[in-house]
Number of protein chains: 2
Amino acid sequence: MITFADIRAAAARIGPAVHRTPVLTSATLDREFGASLFAKCENLQKCGAFKARGACNAVFALDEPGARAGVITHSSGNHGAALAYAAQTRGIPCTVVMPDTAPAVKVAAVQGYGARIHFCKAAERDAVCARLAAETGATLVHPFENPFVIAGQGTAALELIEQAGELDVVITPVGGGGLCAGSAVAVRALLPRAVMLGAEPLAVDDAARSMATGVRQGRVDGAKSWADGLMTGLGAPNFELLRRHEVRIVTVAEDAIVAACRFFAERMKIVVEPSGATVLAALRAIAGELRGKRVGLVLSGGNTDFAWLR
Amino acid sequence: MITFADIRAAAARIGPAVHRTPVLTSATLDREFGASLFAKCENLQKCGAFKARGACNAVFALDEPGARAGVITHSSGNHGAALAYAAQTRGIPCTVVMPDTAPAVKVAAVQGYGARIHFCKAAERDAVCARLAAETGATLVHPFENPFVIAGQGTAALELIEQAGELDVVITPVGGGGLCAGSAVAVRALLPRAVMLGAEPLAVDDAARSMATGVRQGRVDGAKSWADGLMTGLGAPNFELLRRHEVRIVTVAEDAIVAACRFFAERMKIVVEPSGATVLAALRAIAGELRGKRVGLVLSGGNTDFAWLR
């Protein structure tokens, strides 16, 4: 279980390699909610998502012999590119195991950061990744269960609080839960009375059901959501952290996610991927509770093909 | 002719009403150019464009009797909304004369800031505006020839230099020329040796031809450009300021403008309207001259219907 000290250490470790992303405000949003909203723009982060934080923390925390053997992961999304970026920054080898059906743009992103790509069948990714890690001695950096990754993601909320000041409510998206769990640790340490929220698509509501039942629910298979980054099931350590730090999950409908994406592009002039836009959709679902409050939103990323705009 | 003191005064006057917009950097851009680029995000400005600066300066500089009589303009674009915002902020009346063919979204933006809209035929806008100004005593705030507007726009470059530090090159778009002229004054005062550039669509290259011939050329009528904000002819005082401060105009092709818009959305995760994206297109046209330089770009606005994305 990570603590606030781990997040402080992560912030010091990753500082030079990541952006201190801006916190934007919007008079239109504040009027809509009758509240003061502060949007932490991790869509403007290195690699286009908060994932650069966790990946850098995990890679930079390796000791020298471990670092020389390199790192490996099986995430083809934002974490794959972020790990490749972190490894390139430290100058160590990185392998990303990808399904042979991965979109060309994701392959290009990982290659652009100099990582080696190992293609395999989608169903064999975990096994191939484990075998390669064993063969090469590379450290497997899990996208959301690695404690250094979780602590790294928590630095987004730490910075948001430093930049925006006192907050009554903080919200992040929830997929695997690394960002939400890390942020919850930072929020509890700095703002003990704040409400900590997680935004989750209704279509993949395993985190909401896990918190409601007290038992971690499995990943929802076969579901469809615009928020492709949140299709993952909630990770075990993150479930524990969400419980310990009393995180409340708010589920959101697909049309609300699309409307939130459009709002960010059309009114705030920033590109937020559907996974990140869930936080605005969730706040709108509980708008009645937010009047007069100071609310921090972590906009998790901006990597999108804009299909939601059509 | 405005001076740097006017820009300093404008900055103090408008400070509380406008955003100190962030300056973003991009490792991808820096790699592309072999240079250090600093993007001043006026697309994240109030009303979605730098126009809020000039409009606020003009409105806030009015004396009390003048202010009570209100302000009026015939711009239906970003300046119309910006003037409405400035007037609302000061609590004075504002009228925007618009052609009865104006898009609903522009009408809504102006109305949203509480301004009165006066519809008329497009060809009669100037005359109607002059008549209403005479009848009501309202101050006509020209979108780019009013000296307070020009000084206000110059605060964008002033802030950029404060935020990014020493720069070798600064570039803004050129339409009516208020932003470019105001910025040139700030750049010459703070960075006397810097190269000051203006980016202009080749399709409406009156500023380029004006500077080349030394005689202000008329607006190019009937041309088409993605950069709808730059279709205006270069204003008389701005032409003089561009000459005095040795601004070089770089013209850009339409496909280069669209490619630049896409780059900002897909890689930098920000929405930049085609008029604003011209600056990147222009830098790409002279990339060979920029290696090793520190380059500041003013991204003028983010108000767009995203047609260029399709």
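Coordinates for the structure precede this section.
Conventions used here
- Residues numbered from 1 in each chain as written.
- Chains lettered and ligands numbered in written order.
- Predicted model: local features only at pLDDT ≥ 70, side-chain atom pairs only at ≥ 80, totals over all residues.
- Heavy atoms only, no water.
- Helix = DSSP H or I, 4+ residues; strand = E, 2+ residues; numbered from the N terminus.
- Contact = heavy atoms within 4.5 Å.
- Least-squares fit on C-alpha atoms with pLDDT ≥ 70 in both.
- Pairing = 2+ DSSP bridges.
- Axes fitted to C-alpha atoms, helices over the stretch in contact; angles between N-to-C directions.
- Phe/Tyr/Trp six-rings, centres within 6.5 Å; stacked < 30°, edge-to-face > 60°.
- Buried < 20%, exposed > 50% of the residue type's maximum accessible area, 1.4 Å probe, protein only.
- Lys NZ or Arg CZ within 6 Å of the ring centre and 35° of its normal.

*Asks:* Talk me through the environment of B:Leu62; I want residue IDs and the actual numbers.
*Replies:* Residues and elements named next belong to chain B. Within the secondary structure layout, Leu 62 lies in the loop between helix H3 (51-60) and helix H4 (64-69). In sequence terms Leu 62 and Phe 38 are 24 residues apart; their C-alpha atoms lie 34 Å from each other. Once you skip the residues sitting within four places of it in the chain, Leu 62 turns out to touch Ala 67, Val 71, Arg 90, Ile 92 and Thr 139.

*Asks:* Run through the relation of the copies chain A and chain B, naming residues and quoting values.
*Replies:* Each copy of the sequence occupies a distinct position, and chain A is placed on chain B by a rotation of 180 degrees and an axial shift of 0.0 Å, giving an RMSD of 0.0 Å. A rotation of that kind, with that shift, is consistent with a two-fold axis. Residue A:Ile270, judged by its C-alpha, is the member of chain A lying nearest the rotation axis, at 2.2 Å. When the interface residues of chain A are mapped onto chain B, 100% of them are again interface residues, pointing to one common binding face.

*Asks:* Any chance you could break down the sheet that holds strand E8 (residues 195-201) of chain A for me, citing the residues and the numbers?
*Replies:* Residues and elements named next belong to chain A. Taken together, six strands build an open sheet; the order of strands is E1-E2-E10-E7-E8-E9 and the sheet is mixed. Of all the strands in the sheet, the pair left with one neighbour each is strand E1 (23-24) and strand E9 (248-252). Where E1 lies against strand E2 (residues 36-41), two bridges are found, and the strand directions are antiparallel. When the bridges of E2 are listed, Val 23 appears paired with Lys 40. Lying on the sheet, helix H13 (residues 274-285) is in contact with E2, strand E7 (169-173), E8, E9 and strand E10 (294-299); it crosses E7 at an angle near 135 degrees.

*Asks:* So what's going on with the packing of aromatic side chains? Residues and values would help.
*Replies:* Considering all chains together, one arrives at six aromatic pairs over all chains under this definition. Pairing A:Tyr85 with A:Tyr113 gives two aromatic rings, centres 5.7 Å apart and planes at 70 degrees, and the pair type is edge-to-face. Taken together, the positions of A:Tyr85 in helix H5 (residues 78-90) and A:Tyr113 in the loop between helix H6 (104-112) and strand E5 (116-120) put the pair 28 residues apart, joining distant regions of the chain. Of the two residues examined, A:Tyr85 and A:Tyr113, each falls in the buried class. With 5.9 Å between their ring centres and 35 degrees between their planes, B:Phe306 and B:Trp308 make a pair best called tilted. Above the face of the A:Phe263 ring, A:Arg284 is positioned so that its terminal group lies 5.2 Å from the ring centre.

Just geometry here; none of it tells us what the structure is for.
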